[in-house]
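Notes for the structure review
For reference, the chains in residue letters:
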Amino acid sequence: QVQLVHSGGGLVQAGGSMRLSCAASGLIFSRYAMGWFRQVPGKAREFLAAVSRSGGTYYADSVKGRFTISRDNAKNTAYLQMNSLKPEDAAVYYCAAGYGISGYTPKAQSDYDYWGQGTQVTVSS
């Protein structure tokens, strides 16, 4: 059974930083690209960033330069480091795993096979 378990969400002040973690189990982590999305009520889930099996990254323009995605294959964990947070970054954040070739950085929800349960990030102004 594949599980993606988030940790690291919560409340942060605007301008602050937060790191989200996504621990994977039940899959061969190194064979999957990992991605992060977020969703606010009433809006579609938004792609943020992806990291390929080989460590290549891709970012949405909305977070480029502020967010950093990374992975540690030895720990079966993906990370999203978020800096200079804004109130509009408040959302439920999701990690996802997508099987693919090396270098693949999927951007569409349909490209991902497994999803975490989500973690709430609240940014106070």
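1. Some points on the nonpolar core
One finds W36, L80, M82 and Y93 to be the most contacted residues of the largest nonpolar core, which totals 28 residues. If we skip the residues at most four places from it in the chain, L80 touches M18, R19, L20, W36, L48, A49, F67, T68, I69 and Y93. By size, the runner-up hydrophobic cluster in this structure holds six residues, among which are F37, F47, A50 and A60.

2. Topic: the side chain of D89
For D89, the location among the structural elements is in the loop between β8 (77-82) and β9 (91-99). Judged by relative accessible area, which is 1%, D89 ranks as buried. At a separation of 2.9 Å, a polar atom in the side chain of D89 contacts the side chain of R38. Those residues in contact with D89, other than ones at most four positions away along the chain, are R38, R66, F67, S84 and V123.

3. Some remarks on the sheet that holds strand β7 (residues 67-72)
Two pairing modes exist for strands in a sheet, parallel and antiparallel, and in both the strands are linked by backbone hydrogen bonds. With antiparallel pairing, four strands are arranged side by side in an open sheet as β1-β3-β8-β7. Across the chains shown, the open sheet's two edge strands, defined by having one partner strand only, are β1 (3-7) and β7. Geometrically, the sheet is characterised by an average inter-axis angle of 15° between neighbouring strands, direction not taken into account.

Reading the values: the criteria
Residues numbered from 1 in each chain as written. Predicted model: local features only at pLDDT ≥ 70, side-chain atom pairs only at ≥ 80, totals over all residues. Heavy atoms only, no water. Core = buried A, V, L, I, M, F, W, Y, C linked by side-chain atoms within 4.5 Å. Buried < 20%, exposed > 50% of the residue type's maximum accessible area, 1.4 Å probe, protein only. Contact = heavy atoms within 4.5 Å. Helix = DSSP H or I, 4+ residues; strand = E, 2+ residues; numbered from the N terminus. Polar contact = N/O pair within 3.5 Å; in protein donor to acceptor, adjacent residues only side chain to side chain. Pairing = 2+ DSSP bridges. Axes fitted to C-alpha atoms, helices over the stretch in contact; angles between N-to-C directions.

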